[in-house]
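Structural features, examined
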Amino acid sequence: MTEIVITGLGATTPLGGDLASTWANMLAGTSGVRAITEEWAEELPVKIAAYVAVDPSEIIDRVKARRLDRSTQLALIAAQQAWTDAGFEWEGEDQVDPHRLSVSLASGIGGLHSLLNNWDAHRDKGYRRVSPFTIPMLMANAPAANVGLAVHAKAGVHTPVSACASSNEAISLGLDLLRLGRADIAVVGGTEATIHPLPLAAFGQMQALSRRNDDPEGASRPWDRGRDGFVMGEGSAILVIETLEHAKARGAKIYGTIAGAGITADSHDMVQPDPTGEGQSGAMIKALQDSGMTPADIVHVNAHGTSTPQGDLTEAGSIRTALGDDTDHVVVTSTKSMTGHLLGGAGALETVASLMALRDRLVPPTINLVDPEPDLAIDIAANVARPLPAEGSLAAVNNSFGFGGHNVAIVVTNENATV
Amino acid sequence: MATTEEIRAQLAELVNDVAGVPVEDVQLDKSFVDDLDVDSLAMVEILVGCEEKFGVTIPDEESKNLKTVGDAVAYIEAHS
């Protein structure tokens, strides 16, 4: 099968305004969660979130930003980093054939701030105050469409939506497009910007969010017995992927290979994972098969690990079901312990983190794991970064699961890596 | 009652705010679309901004007649 390699990376996250700072803080075990200081949080039961470390207003021109939802602003920032990292000029002349360039970029929820702020304007001041830019700002495909415009992609621009699995699904779709020969190169990833009272209230009403308001940095604690829900994060991570042939022809540096993807649906419940873990383990098994690998090849799993009471336990079991006895030599982590949950941006950020872990042969820690669940049959990089084997081929699985029962696993390797 | 120049200056700030056009470029003889590169959606925002700023009402059917900065200033002078 056509090999698909990763040649550009970008991220803007609660841990840093770019990938280098994000990754350094991730390895150091830094939390990006903090108290929400805005007045609207006072009456909410949840008063913590993981805002991006660098506000997009510091980067995107004010007039341009008026026409872009925050989720799109974050995607453009990460995409510019990734595109530049891949060796291209942002918004420059065509440097690849536009008809062979695709975008697959997800958001789990879409332009939430634009939708709700314009409804506020409508309700309070009348319809004339609704911005004429509202629709192109709120539509879920806006981040992908704007990135497509910036890089001049004509081979199709896509937005798969599957809640918190969205950006892994976007990566999977990008992989398929390249393998099928529908494009030579693709910009893939995800973005989310939903730190707003409505989703905090709504997820809060589901009892899905941590209420550890007096200890923001300790609030996201996957697999710890004191965990009480996830922490809302925001941000974007983007990858440039291309066929190995295309990358070599243009002399691109290569971070590694996207070896395969696996997708299942639980068909069990709208929001609870199937407690048997059949769908979750099924996604991992399919991803391994798609990669031509066995569990013996896997050294690291970047788990979905959101810090919810049920979800973390189910996933721990699913990992062992999928990998069997080979689980014993796999280092598992949840970087959400530091970044919070980026929803539709999570899978992309964690696929990038998996790849960086293989590059540096160092798995970032799961912080706040002071009182682990007693019967976890997985080896977690608790509180400090954990080294991977010093030599040889490495492969990692990244899991993302979404409301609706969506399960998407991605396998990355250090094959073909030149950096 | 504001003078023509006062209205132009306030309108220029609005056009700058919405579309990023330098205020000194927003002169009476300039066409919003052809000279100032203001697109149709930004034009809607500018006219709604005028309604708020100058207390006028600009019906949708009237807005297509306001092609230049001078057209808009004259409309505001006549209706505020």
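Residues numbered from 1 in each chain as written. Chains lettered and ligands numbered in written order. Predicted model: local features only at pLDDT ≥ 70, side-chain atom pairs only at ≥ 80, totals over all residues.

**Topic: the sheet that holds strand β8 (residues 256-265) of chain A**
All names here are of chain A. As a reminder of what qualifies: One bridge is not enough; two strands pair if DSSP finds at least two bridges between them. Think of it this way: any DSSP run of H or I at least four residues long counts as a helix, any run of E at least two long counts as a strand, and we number them from the N terminus. Throughout, a residue-residue contact means that the two C-beta atoms, derived from backbone geometry, are no farther apart than 7 Å. Lines fitted to the C-alpha atoms define the axes, with helices restricted to the stretch that makes contact. Angles between their N-to-C directions range from 0 to 180 degrees.
If you trace the 11 strands from one edge of the open sheet to the other, you get β5-β4-β6-β7-β1-β8-β15-β14-β9-β10-β12, paired in mixed fashion. Edge positions in the sheet fall to β5 (157-158) and β12 (379-380), since each has one partner strand and no second. Both strand β4 (residues 101-107) and β5 contribute to a ladder of 2 bridges, which runs parallel. From the neighbouring strand, Ser104 faces β5, where its bridge partner is His158. Running at roughly 135 degrees to strand β1 (residues 4-12), helix α3 (residues 70-85) makes contact with β1, β4, β6 (185-192) and β7 (235-243) of the sheet.

**Overview of the domain arrangement of chain A**
All names here are of chain A. Quick note on the threshold: As used throughout, domain bounds are those supplied by an automatic or database domain assignment. Three categories are distinguished: nonpolar for Ala, Val, Leu, Ile, Met, Phe, Trp, Tyr, Cys and Pro, charged for Asp, Glu, Lys and Arg, and polar for the others, with Gly belonging to the last.
Parsing chain A into structural domains produces domain 1 (4-249) and domain 2 (260-413). A straight line from the C-alpha centre of domain 1 to that of domain 2 covers 21 Å. Facing the 59 residues of domain 1 at the interface are 56 residues of domain 2. At the level of secondary structure, the elements contributing two or more residues to the side of domain 1 that touches domain 2 comprise β1, α1 (19-28), β4, α7 (166-179), β6 and β7. Residue contributions to the side of domain 1 that touches domain 2 peak at 7 residues, all from α7. Looking at the side of domain 1 that touches domain 2 residue by residue, the classes come out as 28 nonpolar, 24 polar and 7 charged.

**Examining helix α4 (residues 112-125) of chain A**
All names here are of chain A. As a reminder of what qualifies: Here a helix's expected span is defined as the number of its residues, less one, multiplied by 1.5 Å.
For α4, which comprises 14 residues, the first-to-last C-alpha distance of 20 Å matches the rise-based estimate of 20 Å (1.5 Å per residue) to within 8%. For α4, the elements touching its buried residues are α5 (134-138) and α8 (197-205). Gly126, located one to two residues past α4, shows a positive phi value of around 100 degrees.

**Examining the packing of helix α1 (residues 4-19) of chain B against helix α2 (residues 40-54) of chain B**
All names here are of chain B. Using the following cut-off: Working definition: roughly parallel below 35 degrees, roughly antiparallel above 145 degrees, roughly perpendicular at 65 to 115 degrees, and oblique for all remaining angles. Definitions for this section: a left-handed crossing has its near helix turned counterclockwise from the far helix by less than a right angle. A right-handed crossing has that turn clockwise.
Following both chains from N to C, one finds α1 and α2 inclined at 140 degrees, their axes separated by 10 Å at the closest point. In this view, α1 runs oblique relative to α2, as classed from their interaxial angle. Between α1 and α2 lies a crossing whose hand is right-handed. Within the contact between the two elements, α1 uses Gln10, Leu11, Leu14, Val15, Val18 and Ala19 and α2 uses Ala42, Glu45, Ile46, Gly49, Cys50 and Lys53.

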